[in-house]
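# Notes for the structure review
Residue strings, one per chain:
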Amino acid sequence: MANEKRKNLTPVQQQYHQFEQARETKRPVLKNCMRAFFVGGLICVIGQAISYFYMYFFDFTEKTVGNPTVATMVFLAMLLTGFGVYDRLAQFAGAGSAVPVTGFGNAVISAAIEHRTEGFVLGVGGNMFKLAGSVILFGTFSAFVVALIKTIALKWGGLG
């Protein structure tokens, strides 16, 4: 398909296309993937260490440690975003810093920081969940659907 489009180009357009491709910045895909993998893995290791900390010092179990760990990770991401550290990490790591739950905290606080000049209610409060609101909505809806399916399967499916 791309070849067919190139055939319809005038000689000047073809020359410009070659000129453009010669000067196009080559993306280091493998290097970016490795950065994302290792930074995302490091974030997960930190989360696991926080989980072990809560289990050891606060007597949480493996089943109950998830919520405080997630809350701590989101809080740390928001704190680091406020100091400008997480944004530099995100530039370095790309998706490695956006995919874990810390990316959610970064998205929420970034929007709040961006709109703080508009005031706390209309600026921060109104714009804080622009990006993260859809995540919350679809996460809540998905949890409802899964719980509904599980309830139906256990009640009427004879699995319980």
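Quick caveat, the model's predicted, so the values are computed rather than measured. (Residues numbered from 1 in each chain as written. Predicted model: local features only at pLDDT ≥ 70, side-chain atom pairs only at ≥ 80, totals over all residues. Heavy atoms only, no water.)

### Observations regarding the overall build of the chain
Along its length, the chain carries nine helices and zero strands. Reading the secondary structure of the chain in the N-to-C direction produces α-α-α-α-α-α-α-α-α. Looking at the chain residue by residue over its 160 residues, the buried ones come to 22%. Sequence-distant contacts in the chain: of pairs separated by 6 or more residues, those separated by 24 or more amount to 47%. If you sum the accessible surface of the chain, you get close to 12300 Å²; carbon and sulfur atoms cover 68% of it. (Helix = DSSP H or I, 4+ residues; strand = E, 2+ residues; numbered from the N terminus. Buried < 20%, exposed > 50% of the residue type's maximum accessible area, 1.4 Å probe, protein only. Contact = heavy atoms within 4.5 Å. Areas by Shrake-Rupley, 256 points an atom, 1.4 Å probe, with all protein chains shown as cover.)

### Details of helix α4 (residues 66-82)
The end-to-end C-alpha distance of α4, which contains 17 residues, comes to 24 Å, matching closely the 24 Å that a straight helix rising 1.5 Å per residue would cover. Among the residues of α4, those classed as buried are Pro-68, Thr-69, Thr-72, Met-73, Val-74, Ala-77 and Thr-81. Positive phi shows up at Gly-84, right after α4, with a value of about 85 degrees. (Expected span 1.5 Å × (residues − 1).)

### Some words on the environment of Thr-69
Note on placement: Thr-69 falls in helix α4. For the pair Thr-69 and Gly-47, spaced 22 residues apart in the sequence, the C-alpha separation amounts to 6.6 Å. Contacts of Thr-69, omitting those with residues within four sequence positions, involve Gly-47, Ile-50, Ser-51 and Tyr-54.

### Let's talk about the side chain of Thr-81
Relative to the helices and strands, Thr-81 resides in helix α4. For Thr-81, the side chain forms a polar contact with the main-chain oxygen of Ala-77, separated by 2.7 Å. Excluding anything up to four places from it in sequence, Thr-81 contacts Tyr-86, Asp-87, Asn-106, Ile-109, Ser-110 and Ile-113. (Polar contact = N/O pair within 3.5 Å; in protein donor to acceptor, adjacent residues only side chain to side chain.)

### Considerations on the UniProt feature "transmembrane region" (unreviewed entry) in the chain
Feature annotation in UniProt assigns "transmembrane region" (unreviewed entry) to the following positions: residues 36-57, 69-86, 93-113 and 128-149. Strand forms 0% of residues 36-57 and helix 100%; the C-alpha atoms that close the span are 31 Å apart. The annotated region residues 93-113 carries 86% helix and 0% strand content, and the separation between its end C-alpha atoms amounts to 21 Å. (UniProt positions renumbered as here; feature names shortened; annotations may be inferred.)

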